[in-house]
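Observations on chain architecture
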Amino acid sequence: MPTPRLEFFYDCSSPWTYFAFTRLLPMVEALEVPVEWRPILVGGVFNAVNTGVYASREALFSDPANAPKLAYYLKDLNDWAALCGVAVNWPDGHPINAVKAMRGALYADEQGRLLPYSRAVFETYWGGETPDISDDAVLTGICERSGLEPGGFFAAIGNQDY
């Protein structure tokens, strides 16, 4: 029988992929299933296939008629966070530009540090005091937490190939 293959596509600015990431790690370890981690820029996907997602998200938070839906959305988000055992604080300015952070995931993968890096980005964005993962100082802290050399990191994410 062929070995199962699992691909996990994720963007660190998505709370739902944060939850899946935290749930997937122990399952993968227990089942000894190899995972192909696929960092993507979900905003790029939305821009290509679902351009209305931003308008509907904005309406959820700004239109008073959506207050019951928003209350349920936030309750659901917090219920999932509790189930996954993680903190989730809705960052001001969400969605924060994740281009540099997700480019950094590709660099972290090359350095063999993808999982610690991704965990640090998720935790910073969703549970940190300074969630702005577009800020170089925040990214430097993430590099330090995940064992990446900041100079190499910033050189890499400045390269369009990433």
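All of the points below concern the structure found in this document.

Cut-offs and rules
- Residues numbered from 1 in each chain as written.
- Predicted model: local features only at pLDDT ≥ 70, side-chain atom pairs only at ≥ 80, totals over all residues.
- Heavy atoms only, no water.
- Patch = residues over 30% accessible without salt bridge, like charges linked within 9 Å, V, L, I, M, F, W, Y side chains within 5 Å.
- Areas by Shrake-Rupley, 256 points an atom, 1.4 Å probe, with all protein chains shown as cover.
- Salt bridge = Lys/Arg side-chain N within 4 Å of Asp/Glu carboxyl O.
- Helix = DSSP H or I, 4+ residues; strand = E, 2+ residues; numbered from the N terminus.
- Core = buried A, V, L, I, M, F, W, Y, C linked by side-chain atoms within 4.5 Å.
- Buried < 20%, exposed > 50% of the residue type's maximum accessible area, 1.4 Å probe, protein only.
- Contact = heavy atoms within 4.5 Å.
- 1 Å grid on protein atoms, 1.4 Å probe; cavity = no way out; pocket = protein on both sides within 12 Å on 5 of 7 lines; lining within 4 Å.
- Points joined across faces, edges and corners; volume = space filled by probe spheres on them.
- Nonpolar A, V, L, I, M, F, W, Y, C, P; charged D, E, K, R; others polar.
- Expected span 1.5 Å × (residues − 1).
- Pairing = 2+ DSSP bridges.
- Right-handed = clockwise from strand over helix to strand, strands pointing away.

Quick word on a nonpolar patch on the surface
On the surface, a nonpolar cluster with roughly 300 Å² of combined accessible area is contributed by Trp16, Trp80 and Leu83. Here Leu83 is to be found in helix H4 (residues 67-84).

With respect to the nonpolar core
Core analysis: the largest hydrophobic core is formed by 39 residues, its most contacted members being Tyr10, Trp37, Val88, Tyr117, Ile133, Ile142 and Phe153. Those elements giving two or more residues to this core turn out to be strand E1 (6-10), helix H1 (15-31), strand E2 (35-39), H4, helix H5 (99-110), helix H6 (114-127), helix H7 (136-146) and helix H8 (150-157). Considering each element in turn, this core owes the most residues, seven residues, to H6. Aside from chain neighbours lying at most four places away, what touches Val88 is Tyr18, Phe19, Leu77, Asn78, Ala81 and Trp126.

Regarding the layout of surface pockets
By volume, the largest pocket amounts to about 470 Å³. In terms of lining, the largest pocket is formed by 24 residues, of which the most central are Phe46, Tyr54, Arg57, His94 and Pro95. Within the residue set of the lining of the largest pocket, elements represented by two or more residues are H1, helix H2 (42-49), helix H3 (53-62) and H4. With five residues, the single largest contributor to the lining of the largest pocket is H3. Of the residues that constitute the lining of the largest pocket, the class distribution is 14 nonpolar, seven polar and three charged.

Observations concerning the environment of Ala108
Relative to the assigned elements, Ala108 resides in helix H5. Residues Ala108 and Gly147, 39 residues apart in the sequence, show an inter-C-alpha distance of 9.1 Å. Apart from the residues lying within four places of it in its own chain, the contact partners of Ala108 are Arg113, Leu114, Tyr117 and Leu148.

Description of H5
The terminal C-alpha atoms of H5 lie 17 Å apart, and with twelve residues this matches the ideal 16 Å at 1.5 Å per residue to within 8%. Buried within H5 we find Ala101, Met102, Arg103, Gly104, Ala105, Tyr107 and Ala108. Close packing links the buried residues of H5 with E1, E2, H6, H7 and H8. Looking one or two residues beyond H5, the residue adopting positive phi is Gly112, at roughly 75°.

A word on the pairing of E2
Of the two faces of E2, only the one carrying Val35, Trp37 and Pro39 is buried; Glu36 and Arg38 on the other face are not. Here E1 runs beside E2; their pairing, made up of five bridges, is parallel. Paired with Glu7 across the bridge in E2 is Glu36. What joins E1 to E2 is H1, and the crossover it makes is right-handed.

Here we look at the pattern of salt bridges
Enumeration according to the criterion identifies seven salt bridges in this entry. One salt bridge connects Arg5 with Glu7, and the closest N-O pair in it is separated by 3.1 Å. Residue classification places Arg5 among the exposed residues on the basis of a relative accessible area of 57%. Across the pair Arg38 and Glu36 runs a salt bridge, and its minimum N-O distance is 2.3 Å. The class for Glu36 is partly exposed, based on a relative accessible area of 27%. Salt bridges linked by common partners bring Arg5, Glu7, Glu36 and Arg38 together as one network.

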